[in-house]
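What follows is the residue order along each chain.
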Amino acid sequence: MSNKSEDRFSSVLKLTEFDYIVPSQICIKPVETPEKSNDNGNSKIEIESNGRYVEISEDGTKKQLEKATITLNDCLACSGCITSAESVLITAQSIQEFLSNINSNTTDSDKKTIVVTLSPQSRASLAAYYKISTLQVIKKLKTFFKSLNIDYLFDSSFSRDFSLLESAAEFVARYKKQLGEDQPLPMLSSACPGWICYAEKTHGDYILPYISTTKSPQQIMGTLVKYYFSKKINIEPSNIYHVTIMPCYDKKLEASRNDFYNDIFKTKDVDCVLSTSEILDLFKEKNTDFIQLEESTEAITSEYFNINQEQQEFYGVKGSSGGYLEFVFRYAAKELFNVDVNEIEYKVGRNQDFKEVSLEVNGEKVLNFALAYGFRNIQNIVRKIKTNTTIKKESALPYHFVEIMACPSGCINGGGQIKQEGIKENKAFLLETEENYNQQIIRNPQDNPQVQEIYKNWLNGCFSHDAITKLHTQYHRIEKTTNALNIKW
Amino acid sequence: MTDTNNNSNNGYSLKLISSMKKEAPFDKIWNLAWHPSGDILATCANDKLIQIWTKDDKDNWVLAKSLEAHEKTVRRVAWSPCGRFLAGASFDASTSIWEKTKDQLDFNHVSSLEGHTYEVKSVAWDSSGTLLATCSRDKSIWVWQMEEDNDFECLSINSGHGQDIKCVLWHPQEELLASSSYDDTIKFWKDIDGDWLCMYTLTGHESSIWDISFNKDGSKLVSCGEDKQVFFWKYDKENDKWINIFKIKEENSRPIYSIDWSHLTNKICSGSADDSIVIYEEGTGDNKDQYKVLLKKEGAHDSDVNCTKWNPKHENILASCGDDGTIKIWELIKNN
């Protein structure tokens, strides 16, 4: 997503008067064309007979306008659910926006603390692109961010530990029917914003109750940074500018949700989301040769980072989309049936993006989990649940838990990741990225001492009342707007 | 009922065998489909109904059933090759699947395919009867596979067309899907390792392509559209591409909405907004890639002719329907 394409985008957005929401938050300004044209805004836009949009300035010169290209195209699930309003939100969350906030952050009186949270998928993508290790990526990024006067670099694997623990506890509670009828099984994972957006828009009535209320790693980090970390460093939540780097454009939508905006402090949990590929644009913008950057562990501090004490190895979980299925499966098997699951054996379905795993106790299938990535597999899960709820079959539920991700191959292949030209090249690149992602020590989220400390000191334990208030969210059914055009054919 | 306007062309005439009018006036009939037996017709219309027509004891065509499942216009209907299932594509964004009881004209609504964001414009079964394709104004094509329990699993969601997709149609023999769109192109889709990829894009039409039809062995395709033109395409094996071999312009004064290539007689029929039905014939010998108008039936309907379909069992019989709310059955006759 280069800045040029955004200029083009905004100019076409002006043509569509409808559905234009001006964001109210300070971080996101209404989309403007930074490059002022010389016509004082008196140009006209006309549609030529061939359907092209042409801008005619006062002196009569014509300039053909490019069609709006929505950068979510890589991710099918996402392109299907983007309205122009959401596109505005996405465009507003750009490197320009980021840089203008960073650059204006100079005066001492209202100087903000700047926190960047990096996702493990993004560092893997950057490592594959530059052909260096993920550790080198982090060290170079620290040098780069230091030069931008950024104060902290955090790791969303850290907040993901909370997300996994809360999801697992929520699942067990649902399984034991402790949460009542409005939180039934199967529980559907909630970390993918493309999926959430789609579910709210098209299947609100019957699918939302099944979606886990646990916030995504990005939004849990948002909560931690603005309401826990802020207290630790003794500043107001609104005095932190929190930026995340994600494998996914849809995370921009997620960060823009009203649910993640605090009215009292007038601040969002995550102020700006940049995609991995936008980081390349950022390097370009800053004339930075990333590979030449010094490698530093000390340049900026990183309190919340799943890395060992020697700063040599990352801690993580298996599964490059966050490992929800695996962790919830193991946790539930232990908690509900006292079974220790060693290796998880998947049964691959019709395609690689659909897998199942089950647990049998005394010959009875007690846990049946599935992993469904990509739009088509989402469709089939939604269909199965709908058939089940409408027909009220007495037969067993198709699944107890489904890890859903909108992108084929999951988050490692997110729409915001760096892509290579050509199908073959991109596949090879994806494999490399996955390998980089796996440069880590597998650690059970329960064994993260900092997480345990925060649970103890701030949240009163996992899935407690406080944890539910702070680390869970809700979903909203979105009414379909009826089209004004009466389609006749 | 006989045809009073017995105009003949090239020694051919189109004789009206039967005419059925929908009860409610002004209901546009959008599409019709012959049951593989050739003795049953399914139609769909503005009134949200799918209707089943058949012959009574006295050999008169009568309405047998009205199937109600949709909240908006039903735009297209399609029988599975075995004739057991009927699919209806609707503007309510869903596609309904009906199962016909074995010996009777009773239908059970066995499934509803949801997922398209906007109007479903067309639906088609593949030659094996296990795959179903749907297309929509949302610019996507969905491929579904029928499961044992009459449920459907979505195999693929294809995007590639830049606009509303008007028609999807399977190759008569291969697992190859064709689609035509408001973006003036025809695309072919094929399953490559689990993903349906666009294999060919055919350009040439100057406006929306309303309908397409394959010849019997699938080596040729005919298309028609808003540009009042009929395009003939042929698969060029050597170069692995589809090429335009013939064009017919200026036969119709208004858009051509439907086209159908007979697998019995190799003749082609079309229906137009100029109220006419046109029959085309393929050349012979060295002229195999040339086509001529055999007959034009002006005023075939009182308004736009929306659909024309050859009977799959009985040679030279065709059915048409239109904005005038009537369904007509015709016979193409060679005069002596």
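Residues numbered from 1 in each chain as written. Chains lettered and ligands numbered in written order. Predicted model: local features only at pLDDT ≥ 70, side-chain atom pairs only at ≥ 80, totals over all residues. Heavy atoms only, no water.

- Looking at an unreviewed UniProt entry, chain B carries the name Probable cytosolic iron-sulfur protein assembly protein CIAO1 homolog, with the source organism given as Dictyostelium purpureum.
- Per UniProt, chain B has the following entry under Function (unreviewed entry): "Essential component of the cytosolic iron-sulfur (Fe/S) protein assembly machinery. Required for the maturation of extramitochondrial Fe/S proteins."
- In its Sequence similarities (unreviewed entry) section, the UniProt record describing chain B reads: "Belongs to the WD repeat CIA1 family." (UniProt positions renumbered as here; feature names shortened; annotations may be inferred.)

- As annotated in an unreviewed UniProt entry, chain A is Iron hydrogenase small subunit domain-containing protein from Dictyostelium purpureum.
- As recorded by UniProt, the Sequence similarities (unreviewed entry) comment attached to chain A reads in full: "Belongs to the NARF family."

1. Considering the overall build of chain B
Alright, step 1. The number of helices and strands found in chain B is 0 helices and 28 strands.
Alright, step 2. The globule rule puts the C-alpha radius of gyration for 336 residues at 20 Å, and the 19 Å found for chain B is close to it.
Alright, step 3. With the principal axes as the frame, chain B shows a C-alpha extent of 55 × 50 × 30 Å.
Alright, step 4. Counting every position in chain B, which comprises 336 residues, the buried fraction comes to 59%.
Alright, step 5. For chain B, the share of sequence-separated contacts (at least 6 apart) that also reach a separation of at least 24 residues comes to 49%.
Alright, step 6. Taking the 38 positively charged and 55 negatively charged side chains of chain B as two groups, their mean positions are separated by 5 Å. (Helix = DSSP H or I, 4+ residues; strand = E, 2+ residues; numbered from the N terminus. Rg over C-alpha atoms; globule rule 2.2 N^0.38 Å. Buried < 20%, exposed > 50% of the residue type's maximum accessible area, 1.4 Å probe, protein only. Contact = heavy atoms within 4.5 Å. Lys, Arg positive; Asp, Glu negative; His and termini not counted. Charge placed at Lys NZ, Arg CZ, Asp CG, Glu CD.)

2. Thoughts on the UniProt feature "repeat: WD" (unreviewed entry) in chain B
Residue and element names in this part refer to chain B.
Alright, step 1. Here, the residues flagged by UniProt with the feature "repeat: WD" (unreviewed entry) are residues 29–53, 67–99, 113–154, 158–190, 202–234 and 298–336.
Alright, step 2. The span residues 67–99 is 0% helical and 58% strand by assignment, and the distance between its end C-alpha atoms comes to 11 Å.
Alright, step 3. Overall, residues 158–190 shows 0% helix and 58% strand. The separation of its end C-alpha atoms is 10 Å.

3. Digging into the sheet that holds strand β5 (residues 152–155) of chain A
Residue and element names in this part refer to chain A.
Alright, step 1. Judged by pairing direction, the sheet is parallel, and its 4 strands sit side by side in the order β5-β4-β7-β10 without closing on themselves. Edge positions in the sheet fall to β5 and β10 (272–275), since each of these pairs with one other strand and no more. In this sheet, neighbouring strand axes are inclined to one another by 25° on average, regardless of whether the strands run parallel or antiparallel.
Alright, step 2. Relative to strand β7 (residues 240–246), strand β4 (residues 113–118) runs parallel, the two sharing 6 bridges. Bridge pairing links leucine 118 to isoleucine 245 in β7. (Pairing = 2+ DSSP bridges. Axes fitted to C-alpha atoms, helices over the stretch in contact; angles between N-to-C directions.)

4. Observations concerning a nonpolar patch on the surface
Alright, step 1. A cluster of nonpolar side chains, Ile423 of chain A together with Ile192, Leu197 and Met199 of chain B, forms an exposed patch at the surface whose accessible area comes to about 340 Å².
Alright, step 2. A relative accessible area of 33% means that leucine 197 of chain B is categorised as partly exposed. (Patch = residues over 30% accessible without salt bridge, like charges linked within 9 Å, V, L, I, M, F, W, Y side chains within 5 Å. Areas by Shrake-Rupley, 256 points an atom, 1.4 Å probe, with all protein chains shown as cover. Salt bridge = Lys/Arg side-chain N within 4 Å of Asp/Glu carboxyl O.)

5. Details of helix α12 (residues 276–285) of chain A
All names here are of chain A.
Alright, step 1. In terms of residue burial, α12 counts as a mostly covered element, since 8 of its 10 residues are buried.
Alright, step 2. Along α12, the residues classified as buried are Thr276, Ser277, Glu278, Ile279, Leu280, Asp281, Leu282 and Phe283.
Alright, step 3. Just past α12, the residue asparagine 287 takes up positive phi, approximately 50°.

6. Some points on the confidence of the model for chain A
Caution is warranted with low-pLDDT regions, since their predicted coordinates should not be read in detail.
Residues and elements named next belong to chain A.
Alright, step 1. Counting all residues, the mean pLDDT for chain A is 82, and 77% of those residues have values of 70 or more.
Alright, step 2. When the elements of chain A are averaged for pLDDT, helix α1 (residues 3–13) gives the smallest value, 27, and helix α5 (residues 120–130) the largest, 98.
Alright, step 3. In the model, residues 1–39 has pLDDT below 50 throughout and makes 72 contacts with residues more than four positions away in sequence or in other chains.
Alright, step 4. Ignoring residues within four places in sequence, the model shows residues 481–489, a span with pLDDT below 50, making 13 contacts including any to other chains. (pLDDT = per-residue confidence, 0-100.)

7. Regarding the nonpolar core
Residue and element names in this part refer to chain A.
Alright, step 1. Ranked by size, the top nonpolar core spans 92 residues in total, and within it Phe162, Leu188, Trp195 and Ile207 carry the most contacts.
Alright, step 2. The dominant element in this core, judged by the number of residues it contributes, is helix α7 (residues 156–175), at 9 residues.
Alright, step 3. Setting aside residues up to four positions removed in sequence, leucine 188 forms contacts with Trp195, Ile207, Tyr210, Ile211, Ser212, Ile381, Ile385, Val402 and Ile404.
Alright, step 4. Membership of the second largest hydrophobic core comes to 38 residues, among which are Leu99, Leu118, Phe144 and Tyr241. (Core = buried A, V, L, I, M, F, W, Y, C linked by side-chain atoms within 4.5 Å.)

8. Topic: the confidence of the model for chain B
All names here are of chain B.
Alright, step 1. Per-residue confidence for chain B gives a mean pLDDT of 94, with 97% of residues at or over 70.
Alright, step 2. Of the regions scoring below 50 in pLDDT, residues 1–6 engages in 11 contacts with residues more than four places distant in sequence or in other chains.
Alright, step 3. Confidence metrics for the complex model read pTM 0.80 and ipTM 0.77.

9. Some points on the interface of chain A and chain B
Alright, step 1. Taken together, the contact between chain A and chain B spans 16 residues of the former and 28 residues of the latter.
Alright, step 2. Approximately 1900 Å² of surface area, both sides summed, lies buried where chain A meets chain B, with 46% of it carried by carbon and sulfur atoms.
Alright, step 3. At the boundary of chain A with chain B, the tally comes to 5 salt bridges.
Alright, step 4. Salt-bridge contacts for glutamate 114 of chain B lead to lysine 386 of chain A; the nearest nitrogen and oxygen are separated by 2.7 Å.
Alright, step 5. Put simply, chain A and chain B have 11 residue pairs in polar contact (both at pLDDT 80 or more) between them.
Alright, step 6. Here the side of chain A that touches chain B gets 8 residues from one element, more than from any other, and that element is helix α14 (residues 375–391) of chain A.
Alright, step 7. A class-by-class count of the residues in the side of chain A that touches chain B yields 5 nonpolar, 4 polar and 7 charged. (Buried area = accessible area lost by both parts, 1.4 Å probe. Polar contact = N/O pair within 3.5 Å; in protein donor to acceptor, adjacent residues only side chain to side chain. Nonpolar A, V, L, I, M, F, W, Y, C, P; charged D, E, K, R; others polar.)

10. A look at the pairing of strand β12 (residues 140–146) of chain B
Residue and element names in this part refer to chain B.
Alright, step 1. For β12, a buried count of 6 out of 7 residues is recorded, marking the element as mostly surrounded by other parts of the structure.
Alright, step 2. Alignment of strand β11 (residues 131–136) against β12, held across 5 bridges, turns out to be antiparallel. For threonine 134, the partnering residue across the bridge sits in β12 and is tryptophan 142.
Alright, step 3. In this structure, β12 lies alongside strand β13 (residues 152–159), joined through 7 bridges in antiparallel fashion. Residue tryptophan 142 lies in a different strand from β13, and its bridge partner there is isoleucine 157.
Alright, step 4. With antiparallel pairing between neighbouring strands as the criterion, β12 and β13 make up a hairpin whose turn holds 5 residues, including asparagine 150 at a positive phi of roughly 65°.

11. Here we look at the sheet that holds strand β20 (residues 230–236) of chain B
Residues and elements named next belong to chain B.
Alright, step 1. Judged by pairing direction, the sheet is antiparallel, and its 4 strands sit side by side in the order β18-β19-β20-β21 without closing on themselves. Each end of this open sheet is capped by a strand with a single partner; those strands are β18 (209–214) and β21 (241–248). On average, each strand axis in the sheet is tilted by 25° relative to the strand beside it, whichever way the strands run.
Alright, step 2. Summarising the sheet, strand β19 (residues 220–225) and β20 pair through 5 bridges and their orientation is antiparallel. Note that in β20 the partner of serine 223 across the bridge is phenylalanine 231.

12. Here's the deal with the state of the cysteines
Alright, step 1. Considering all chains together, one arrives at 0 disulfides over all chains under this definition.
Alright, step 2. Of all cysteine sulfurs, the one in cysteine 192 of chain A lies closest to cysteine 411 of chain A, which takes part in no disulfide; the gap is 6.4 Å.
Alright, step 3. Summary of cysteine pairing: cysteine 44 of chain B is not part of a disulfide, and the nearest cysteine sulfur, belonging to cysteine 321 of chain B, is at 7.4 Å.
Alright, step 4. Residue cysteine 44 of chain B is classed as buried on the basis of its relative accessible area of 0%. (Disulfide = S-S within 2.5 Å.)

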